[in-house]
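Below are the chains, spelled out letter by letter.
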Amino acid sequence: MALEKLGKALNNALRKLARSSTVDEATIKEVVRDIQRALIQSDVNVRLVLDLTKRIEKRTLEEKPPAGVSKKEHIIKIVYEELTRFLGTEAKPIEIKEKPTVLLTVGIQGSGKTTSIAKLARYFQKRGYKVGLVCSDTWRPGAYYQLKQLVEPLGIEVFGDPDEKDAIKLAKEGVEYFKEKGADIIIVDSAGRHKEEKSLIEEMKQISNAIKPHEVILVIDGTIGQQAYNQALAFKEATPIGSIIVTKLDGSAKGGGALSAVAATGALIKFIGVGERIDDLEPFDPKRFVSRLLG
Ligand code: GDP
């Protein structure tokens, strides 16, 4: 898994620093180079890696450690801080500025998209919002029923028609339907599979143009590692990605691919899925994520 390897490589770089007897410019440069190599080998965007490591190098060479803190401890702190900044300095929730706010979710089948939409609907409902869900997945007939089963017991309505073959029409009608009903938030689900990837991306483009969502949310499986980069990039070509949900971060997964998905889209992770139940969704906390990454 990409992220596990990355965590190990970053740890090795910091351990090398801990072992060295002196901390001079050459040591710092070597540690920074190791960090750089680790990130690039993990498919993280090269330009972002260079920005990140330049900041780390500049700060470690310029900043004086505060009293009582050794140079080494201070460098480790800088690496933590900069990696955290790279992932988004604070857990920013999805903004609900306008009513209704329309959210479009995209992601590959099996990523946990349907479950995440139900969780998201629940999350907003708990905060007092009236939420409507639109299923525009015409490819997998079960998607509509799966979504209904998950949220109807909570009193959340799902708009869809398993017999309709026009996904763009469904998305448009669904948004209109909930607008008329006075929903605060409308979440539109899209297909996660098609005859071929090209038509999936094309459909995404058309849905996005038709409903003009306030934000597009990419759902990425936290266990897929390297593939995350290309997956995220493909979706970004269809429509700008505003935020990312990384699923399946419960269990042993360290969040493979999350860093690369962030790098590929330039979007921030806003939520993580931590289980199969409807309440297993947490706002993303970059500090905790980096701590986990560095072990
Ligand atoms: P979709 O095809 O992308 O809509 O994926 P589903 O929502 O149907 O999820 C696929 C599988 O992943 C299901 O068995 C879900 O219960 C499971 N799943 C989704 N999110 C999580 C999560 O955060 N943690 C765990 N452990 N399982 C999840």
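Worth saying up front: this structure is predicted, and the values here are computed from it rather than measured. (Residues numbered from 1 in each chain as written. Predicted model: local features only at pLDDT ≥ 70, side-chain atom pairs only at ≥ 80, totals over all residues. Heavy atoms only, no water.)

### Remarks on the site of the ligand
Consideration 1: With respect to spatial proximity, 17 residues lie near the ligand, and among them Gly-110, Thr-114, Thr-115, Asp-250 and Glu-276 are the closest.
Consideration 2: Thr-115 places a polar side-chain atom, nitrogen or oxygen, 2.4 Å from an oxygen atom of the ligand.
Consideration 3: Isolated, the ligand exposes 580 Å² of accessible area, and the fraction of that covered by the protein chains is 78%.
Consideration 4: Grouping the amino acids of the shell around the ligand by side-chain chemistry returns two nonpolar, nine polar and six charged. (Near = heavy atom within 4 Å. Polar contact = N/O pair within 3.5 Å; in protein donor to acceptor, adjacent residues only side chain to side chain. Areas by Shrake-Rupley, 256 points an atom, 1.4 Å probe, with all protein chains shown as cover. Nonpolar A, V, L, I, M, F, W, Y, C, P; charged D, E, K, R; others polar.)

### Details of the packing of aromatic side chains
Consideration 1: Taken as a whole, this structure holds six aromatic pairs when the rule is applied.
Consideration 2: Taking 4.8 Å as the distance between ring centres and 80° as the angle between the ring planes, the aromatic pair formed by Tyr-123 and Phe-271 counts as edge-to-face. Taken together, the residues span a long stretch of sequence, with Tyr-123 in helix 5 (residues 113–126) and Phe-271 in strand 7 (residues 268–273) at a distance of 148 residues.
Consideration 3: Judged by its relative accessible area of 13%, Tyr-123 falls in the buried class. (Phe/Tyr/Trp six-rings, centres within 6.5 Å; stacked < 30°, edge-to-face > 60°. Helix = DSSP H or I, 4+ residues; strand = E, 2+ residues; numbered from the N terminus. Buried < 20%, exposed > 50% of the residue type's maximum accessible area, 1.4 Å probe, protein only.)

### Structural notes on helix 3 (residues 46–62)
Consideration 1: Counted at 1.5 Å a residue, the expected span for helix 3 with its 17 residues is 24 Å, and the 24 Å between its end C-alpha atoms agrees.
Consideration 2: Those residues of helix 3 not exposed but buried are Val-49, Leu-52, Thr-53, Ile-56, Arg-59 and Thr-60. Buried residues of helix 3, viewed axially, fall in a sector of 130°; they line one side. Within helix 3, the exposed residues directed more than 90 degrees away from the buried face are Arg-47, Lys-54 and Glu-62.
Consideration 3: For helix 3, the secondary structure elements touched by its buried residues are helix 2 (25–41) and helix 4 (71–86). (Expected span 1.5 Å × (residues − 1). Arc of directions from axis to C-beta. Contact = heavy atoms within 4.5 Å.)

### A short note on the pattern of salt bridges
Consideration 1: The full count for this structure, using the stated rule, is 23 salt bridges.
Consideration 2: Two residues, Lys-169 and Glu-173, come together in a salt bridge whose shortest N-O distance is 3.9 Å. Taken together, the residues Lys-169 and Glu-173, both in helix 7 (residues 167–180) and four residues apart, mark about one turn of the helix.
Consideration 3: When its relative accessible area of 37% is taken as the criterion, Glu-173 is described as partly exposed.
Consideration 4: Of the charged contacts, one joins Arg-277 and Asp-280 as a salt bridge, the two residues approaching to 2.9 Å between their closest N and O atoms.
Consideration 5: Looking at Arg-277, the relative accessible area reads 57%, which means it is exposed. (Salt bridge = Lys/Arg side-chain N within 4 Å of Asp/Glu carboxyl O.)

### Some points on the nonpolar core
Consideration 1: Within the largest apolar cluster, 63 residues are counted, with the highest numbers of intra-cluster contacts made by Val-106, Ile-186, Val-188, Ile-211, Phe-235, Ile-241 and Ile-244.
Consideration 2: In contact with Ile-244, not counting residues within four places along its chain, are Leu-218, Ile-220, Ala-261, Val-262, Thr-265, Ala-267, Leu-268, Ile-269, Lys-270 and Phe-271.
Consideration 3: One finds Ile-94, Ile-96, Leu-147 and Val-219 within the second-largest nonpolar core, a separate group that totals 25 residues. (Core = buried A, V, L, I, M, F, W, Y, C linked by side-chain atoms within 4.5 Å.)

### Digging into a nonpolar patch on the surface
Consideration 1: Where nonpolar side chains cluster on the molecular surface, the patch consists of Ile-40, Val-46 and Leu-50 and spans about 230 Å² of accessible area.
Consideration 2: Note on placement: Val-46 falls in helix 3.
Consideration 3: Under the relative-accessibility criterion, Val-46 is labelled partly exposed at 45%. (Patch = residues over 30% accessible without salt bridge, like charges linked within 9 Å, V, L, I, M, F, W, Y side chains within 5 Å.)

### Topic: helix 6 (residues 142–151)
Consideration 1: Residues Ala-143, Tyr-144, Leu-147 and Val-151 constitute the buried set of helix 6. Looking straight down helix 6, one finds that the buried residues subtend no more than 100° of arc, so they occupy a single side.
Consideration 2: Residues of helix 6 that are buried sit in contact with helix 5, strand 2 (131–135), strand 3 (157–159) and strand 4 (185–189).

### Describing the sheet that holds strand 2
Consideration 1: Pairing in this open sheet of eight strands is mixed, and the strands run 3-2-4-1-5-6-7-8 from one edge to the other. Each end of this open sheet is capped by a strand with a single partner; those strands are strand 3 and strand 8 (281–283). Averaged over all adjacent pairs, the angle separating strand axes in this sheet is 25°, with direction ignored.
Consideration 2: By the bridge criterion, three bridges tie strand 7 to strand 8 in an arrangement that is antiparallel. (Pairing = 2+ DSSP bridges. Axes fitted to C-alpha atoms, helices over the stretch in contact; angles between N-to-C directions.)

### Considering the confidence of the model for the chain
Consideration 1: Averaged over every residue, the pLDDT of the chain is 86; residues scoring 70 or more account for 91%.
Consideration 2: ipTM for the predicted complex: 0.99, alongside a pTM of 0.80. (pLDDT = per-residue confidence, 0-100.)

### Remarks on the pairing of strand 1 (residues 101–106)
Consideration 1: With six of six residues buried, strand 1 is to be regarded as a mostly interior element.
Consideration 2: Judged by which residues are buried, strand 1 turns out to be covered on both faces: Thr-101, Leu-103 and Thr-105 on one side and Val-102, Leu-104 and Val-106 on the other are all buried.
Consideration 3: Two strands pair when backbone bridges link them, and strand 1 and strand 4 are joined in this way by five bridges, in the parallel orientation. What sits directly across from Leu-103, in strand 4, is Ile-187.
Consideration 4: Sheet analysis places strand 1 next to strand 5 (residues 215–221), joined by four bridges and oriented parallel.

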